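Now for the letters of each chain:
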Amino acid sequence: MASANMQFDAAVGGTVQLPTRVDQLQFAESRTEEVFQMLLTMNSGSNQRKLMHQSLPCHMRRRAMSYNVRRLPRRFRQVHTAQFNKSGVSEKKKRPSRRYRRKPTNLLREYERRKRAFVWLETHVWHAKRFHMTSRWGYKLPLAPCSKGYRSSYRASSKHCLVHDLSYEGCVEVSGEETQLKEGFRRLCSERVGLTLAAKAFTAGDRAGYVWLYRDGAYPYGCLGRVRFVWRASGSTNLQENRRSVWIFAHPTYYRQVVEQLVKVFQLKNALRDTNDTIEDITRNPADIRCPRYRSEKTGVEVVELKDTLNRFHLAGPLSHATIVKTFNLYKPPATQPSSTEAHRTWYHDFLDSKPKYSKMLAQQANYWQELKGLTSPGELSPGEVIALLVQDPRLNRPLKRSKALPQVPALYDFSQSHLQDPAVQPRAIRSFSPLWDESIRNRVSGEMKSTHELSVMRSVETLVAGELCRSEMALQPLPVLLLQNSGSQDAAYKRLGYGAGWELIVPAGYGLAVWHSLVMWGARPVGQLQLDMLELETGIDRTGVPDTVLGQEEASRRHAEALSKYFHRPSNKRVNYTKLAIASPFLCPWTQLVQEWNKASDGPLPFFVLRDQEALAKLRLALERKFNVHSIGLPPAALIPVLLTLKTRGNPGDNALICLPLRTDFRTNRQNRLATVHGPVYVEPAHPDPHGKERTVLRAQHLKTLKRLRNRRVRQKRRLQRANPGVLVRIPPANNRALVEQQLKRMADLWLPATPATVRQQCSRECFGYVTQAGFSLSEGGVNGIGYVTARGLEKLFKICTKGTVKVLVRGTRTRGYRFATIRLAG
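Just so it is clear, the structure is predicted and the values come from calculations on it, not from any experiment. Numbering of residues starts from 1 in every chain and runs along the sequence as written. Reporting in this predicted model follows two pLDDT cut-offs: at least 70 for local features of residues, and 80 or more for side-chain atom pairs to be given and counted; totals over whole chains, interfaces and linings ignore these cut-offs and use all residues. The side-chain values count all of the structure's non-hydrogen atoms but skip hydrogen atoms and water molecules.

Draft legend 1. Quick peek at the overall build of the protein chain. Helix and strand content of the protein chain: 27 helices and 24 strands. Its C-alpha atoms give the protein chain a radius of gyration of 37 Å, more than 25% over the compact-globule value 28 Å for 828 residues. Principal axes of the C-alpha set define a box for the protein chain whose edges measure 150 × 85 × 60 Å. Every one of the 828 residues in the protein chain was classed for burial, and the buried ones make up 46%. In this description, contact between two residues means that some pair of their heavy atoms is separated by no more than 4.5 Å. Sequence-distant contacts in the protein chain: of pairs separated by 6 or more residues, those separated by 24 or more amount to 72%. Counting every atom, the protein chain has about 45,300 Å² of accessible surface; 53% of that belongs to carbon and sulfur. Every helix listed is a DSSP run of H or I at least four residues long, and every strand listed is a run of E at least two residues long, numbered separately from the N terminus. Restricting the calculation to C-alpha atoms gives the radius of gyration, and the globule rule supplies 2.2 Å times the number of residues raised to the power 0.38. Burial classes: relative accessible area under 20% of the type maximum marks a residue as buried, over 50% as exposed, and values in between as partly exposed (1.4 Å probe, protein chains only). Here, Shrake-Rupley sampling with a 1.4 Å probe gives the accessible areas, and only protein chains in the shown set may cover a residue.

Here's what the structure looks like:
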């Protein structure tokens, strides 16, 4: 018999007796150390070369396990999460369900979060569902509809109705004595440009106008931009009769500068806090102040910023008047006025109680609007006419499905009788009188507005007959609106009269979306910024590309940065070589250098301005008609002349195209091409050599070699550290090549497109004396039109070349070598 303590060995042999039972406690204690070591090995990633989801058997592996821990078996999820946390990759959380995200409270909370970066218009949510949105000027604005909208937008502007939300343009209210206001406004604009803010045609308040604003005393330099303005009707204020108010609507790019100039001219101080003497500090306000105020204790002039407190819609097209008529029903006051304790008492009753004469003025406005209902186009009215209306809530007059508003032409004249029935003429001051000018009334209108949900609840409770108004709906507060007429085209030689005529609708805050819904349901076509550019080209009025304005310079810089980024994101073999095409600046018009070279100025940059002197432009129009000598006008040498171009043959040069002087041979070639019915260019620019081509190739090879050398150095460093620390995952800091790469990109960009070209005037075979800021196919004219600017010295030289006949120029696009003839005429 073998000993009980003897161990079994196959080589020794013998008889072995195994125990009949196993002590569980003793067995577990003897295996504790082994289990601990196994768990420690599984939890540590130092010796494990694979992640947990990569260590599973092949039949259990799934690609989704790498980012969804729930795909793993439960016993491995903790190890998987620990491994990803150590690697710096956070676990992706499941996105909440759409049902949760679309709850009203969560939706509003998400909207408030997204509003922090950019300001939203009241119609933003409506546009965001149907338009491509863009971020511009601190706002989220509609860029273009998701559906095809170019031709339909043109048809709307020419035959139907087009609408655009202009509420992003800020409003400034200036109030004070009329003589002091006129004196200050004369410092910000010039009578040589046209009618100013102080013109007698506008101060009565029955007409609205446009004016070019300049910095104080800087005319003709320092142009801020073109603003829309309207005076409050005279004699309609509750204050003294000589105290007047005017609204100025400015683009957000120069809105702040307009406010600063008004504060400077009228010597105002911030009325809400103590400030220093600097203009920047006076106009700096906390974010919680919605309407900052600036006041002068000496003169009594006050400036109030009404930015984002008014809704302004632009309607264009012959049916815009019919759309307004269908959208708004005139407010009819109830037969009996409610008492002060009644629930249905609104601001309207308090407004009439303050001055009973207002009731008669509002009735005269309603009668005048009834006479205008049958107009087939707003262009039939006098330019800039202002009409104030008191209308019902537009939600009460909205059709169930989208309908086209058409004018109902009444029988104004009875030709069977011997005399004609002339309509009664209302005083102009009464037509434009509106409670909308009163700030307290605007606040009450916005605060007492019933929400759409409240209206639906009232209808469900009180409506007995479907389609009829219930008692609460009939007692809703009236809505004061202001209509400003746009006259459209006034030059029949270029565009048919009245094209682009329409209305500008001003609505108090809160009612923007309700009015917008009604306008769209009555057939108005909503458009974005791209469609406004189309209208700009069709009407020939430059809105965003004027070179000497703040808006024009900012838009040019933005487009230049976008085009440059897109250009250098392409591989080098897919880029257009503008050096071979002899294009010095393909994405930006270098106006300063162009004016400087044409005036042969060597003592620094020569400032330029756009010529807006009406007397000089009138003489220049006569010179283009061969009725005046252009040299006797005395054009300023630093002036840019705005022109409209019409191409005579095929081709679309596009934006930033060159305007060049023709040669005698070009006229001869053009005559031969017309006789032979050849539609090609009159001259083709020969391909120029690229002196920097070889340098770019060598520089690129050296840069790649340097990057490869630096990468190999980092690889060797990592391997060396890995050998010194076996079993430990070695990490080295990332490559610090940012400065090297940026320097290389800058050098390559200068070789492709120099920031400051050597010459602009002599960049190609034909002398360049201007640029086309916008060009495209005009659907109204059936040809390619463009808006551009030329130098005064270059235009005088053009008259020496074109001694008879129509004045023509050569136009060449930035992506072609062909020159084509185009006729020019003055813009504006």
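Draft legend 2. View of the sheet that holds strand 3 (residues 139-145). Paired strands, in this sense, are two strands between which DSSP finds at least two bridges. Strands sit in the order 1-3-2 across an open sheet of three strands; the sheet is mixed. At either margin of the open sheet sits one strand with a lone partner, and together these are strand 1 (119-120) and strand 2 (131-136). In this structure, strand 1 lies alongside strand 3, joined through two bridges in parallel fashion. Looking at the pairing, Trp120 lines up with Lys140 of strand 3.

Draft legend 3. Structural detail: helix 5 (residues 104-114). Along helix 5, the positions that sit buried rather than exposed are Asn106, Leu107 and Tyr111. For helix 5, the arc enclosing every buried residue in end-on projection is 140°, short of the 170-degree limit, so these residues lie on one face. Pointing more than 90 degrees away from the buried face of helix 5 are the exposed residues Thr105, Leu108 and Arg109. Those residues of helix 5 hidden inside the fold are in contact with helix 4 (98-101), strand 1 and helix 6 (124-128). Arc definition: it is the arc formed by the directions from the helix axis to the C-beta atoms.

Draft legend 4. Region of the structure containing the pattern of salt bridges. Salt bridge criterion: a side-chain nitrogen from Lys or Arg within 4 Å of a carboxyl oxygen from Asp or Glu. If you walk through the whole model with that rule in mind, you get 38 salt bridges. A salt bridge links Asp393 to Arg395, with the shortest nitrogen-to-oxygen separation between them at 2.8 Å. A residue is classified by how much of its surface remains accessible, and Asp393, at 4% relative accessible area, is buried. With a relative accessible area of 8%, Arg395 lands in the buried category. Here Glu767 makes a salt bridge to Lys797, at a shortest N to O gap of 2.5 Å. Of this pair, Glu767 sits in the loop between helix 26 (738-752) and strand 21 (768-778) while Lys797 is found in helix 27 (residues 792-801), placing the two residues 30 residues apart along the sequence. Overlapping salt bridges, with partners in common, bring together Arg345, Asp350, Asp353, Arg444 and Glu448 in one network.

Draft legend 5. Molecular detail of the nonpolar core. Within this scheme, the nonpolar core is defined by two criteria: the residues are buried Ala, Val, Leu, Ile, Met, Phe, Trp, Tyr or Cys, and they are joined through side-chain atoms within 4.5 Å. With 72 residues, the main nonpolar core has Leu645, Leu798, Val809 and Ile824 as its most contacted residues. Setting aside chain neighbours within four positions, we find Leu798 in contact with Leu661, Pro662, Phe769, Val807, Lys808, Val809 and Ile824.

Draft legend 6. Structural detail: the environment of Glu468. Relative to the elements of secondary structure, Glu468 occurs in the loop between helix 17 (452-462) and helix 18 (471-474). Residue class for Glu468 comes out exposed when judged on its relative accessible area of 52%. Placed 386 residues apart in sequence, Glu468 and Ala82 show a C-alpha to C-alpha distance of 67 Å. When sequence neighbours within four positions are dropped, the list of residues in contact with Glu468 reads Thr463 and Glu473.

Draft legend 7. Broad picture of the pairing of strand 15 (residues 502-508). Across the seven residues of strand 15, seven count as buried, placing the element largely inside the fold. What you see with strand 15 is no split at all: Gly502, Glu504, Ile506 and Pro508 on one side and Trp503, Leu505 and Val507 on the other are buried throughout. Both strand 12 (residues 310-316) and strand 15 contribute to a ladder of seven bridges, which runs antiparallel. Its bridge partner lying in strand 15, Leu310 is registered against Pro508. Taken together, the five bridges between strand 14 (residues 479-486) and strand 15 define a ladder with antiparallel strand orientation. Following the sheet pairing, Leu483 is matched in strand 15 by Leu505.

Draft legend 8. Structural context of the packing of helix 13 (residues 347-354) against helix 14 (residues 357-372). The geometry of helix 13 relative to helix 14 is characterised by a closest axis approach of 6 Å and an angle of 115° between their N-to-C directions. Contacts from Tyr348, Phe351, Leu352 and Ser354 in helix 13 reach Tyr358, Ser359 and Leu362 in helix 14. Helix axes are fitted to C-alpha atoms over the stretch in contact, other axes to C-alpha atoms as well, and angles between N-to-C directions run from 0 to 180 degrees.

Draft legend 9. Geometry of the sheet that holds strand 8 (residues 243-250). In spatial order, the strands read 6-7-8-5-11-10-9; together these seven strands make up an open sheet with antiparallel pairing. Since the sheet does not close on itself, it has two edges, and those belong to strand 6 (208-214) and strand 9 (269-270), each with one partner. When strand 7 (residues 223-231) meets strand 8, the two strands line up antiparallel, connected through four bridges. The residue of strand 8 that forms the bridge with Trp231 is Val246. Where helix 8 (residues 178-188) meets the sheet, it contacts strand 5 (170-177), strand 6, strand 7 and strand 8, and its direction lies at approximately 130° from that of strand 5.

Draft legend 10. Seen up close, helix 24 (residues 664-675). Working rule for helices: expected span equals 1.5 Å times residues minus one. Taking 1.5 Å per residue as the helical rise, helix 24 with its twelve residues ought to reach 16 Å, and the 17 Å between its terminal C-alpha atoms agrees with that figure. Buried within helix 24 we find Asp666, Phe667, Asn670 and Asn673. Each buried residue of helix 24 sits inside an arc of 125° when the element is viewed along its axis, so together they form one side. Exposed and oriented more than 90 degrees from the buried face of helix 24 are Arg664 and Leu675. Within two residues after helix 24, Thr677 carries a phi angle of roughly 50°, on the positive side.

Draft legend 11. The arrangement of the packing of helix 8 against helix 10 (residues 255-266) in detail. Where helix 8 meets helix 10, the axes come as close as 10 Å, and the angle between the chain directions of the two elements is 125°. The orientation of helix 8 relative to helix 10 falls into the category oblique. The chirality of how helix 8 crosses helix 10 is right-handed. Between helix 8, through Gln180, Leu181, Gly184, Phe185, Arg187 and Leu188, and helix 10, the contact on the second element is made entirely by Gln261, Leu262, Val265 and Phe266. Tallied by class, residues from the contact of helix 8 with helix 10 come to six nonpolar, three polar and one charged. Angle categories: roughly parallel below 35 degrees, roughly antiparallel above 145, roughly perpendicular from 65 to 115, and oblique for all the rest. In this scheme the crossing of two helices becomes right-handed for a clockwise turn of the near helix relative to the far one and left-handed for an anticlockwise turn of less than a right angle. In this count, Pro and Cys sit with the nonpolar residues alongside Ala, Val, Leu, Ile, Met, Phe, Trp and Tyr, while Asp, Glu, Lys and Arg are called charged and the others, Gly among them, polar.

Draft legend 12. Region of the structure containing the pairing of strand 11 (residues 302-305). The two faces of strand 11 match: Glu302 and Val304 on one face and Val303 and Glu305 on the other face are all buried. Both strand 5 and strand 11 contribute to a ladder of four bridges, which runs antiparallel. The residue of strand 11 that forms the bridge with Glu173 is Val304. Sheet analysis places strand 10 (residues 293-295) next to strand 11, joined by three bridges and oriented antiparallel. Along strand 11, the bridge assignment pairs Arg293 with Val304. Counting the residues that bridge the hairpin from strand 10 to strand 11 gives six residues, and of these Gly300 lies at a positive phi of roughly 80°.

Draft legend 13. How the structure looks around the side chain of Ser434. Topologically, Ser434 is positioned in the loop between helix 15 (428-431) and helix 16 (439-447). Among the residues examined, Ser434 registers a relative accessible area of 3% and is labelled buried. For the purposes of these results, a polar contact is taken to be a pair of N or O atoms within 3.5 Å, where, inside protein, one atom must be able to donate a hydrogen and its partner to accept one; residues adjacent in sequence count only when each atom of the pair is a side-chain atom. At a separation of 3.1 Å, a polar atom in the side chain of Ser434 contacts the main-chain amide nitrogen of Leu436. Once you skip the residues sitting within four places of it in the chain, Ser434 turns out to touch Ala388, Pro480, Val481 and Leu482.

Draft legend 14. Spotlight on a positive patch on the surface. In this scheme, patches are assembled from residues that exceed 30% relative accessible area and form no salt bridge. Like charges are connected within 9 Å, while nonpolar side chains (Val, Leu, Ile, Met, Phe, Trp, Tyr) are connected within 5 Å. Charged residues are defined here as Lys and Arg on the positive side and Asp and Glu on the negative side; His and the ends of the chain fall outside this count. The atoms used to mark charge sites are NZ of Lys, CZ of Arg, CG of Asp and CD of Glu. A grouping of Lys705, Arg709, Arg711, Arg713, Arg716, Arg719, Arg720 and Arg723 is seen on the molecular surface, where their side chains present a positively charged patch. Relative to the assigned elements, Arg720 resides in helix 25 (residues 693-724).

Draft legend 15. Spotlight on a nonpolar patch on the surface. A surface patch of nonpolar side chains, amounting to about 270 Å² of accessible area, comprises Val35, Met38 and Leu39. Structurally, Met38 can be placed in helix 2 (residues 32-43).

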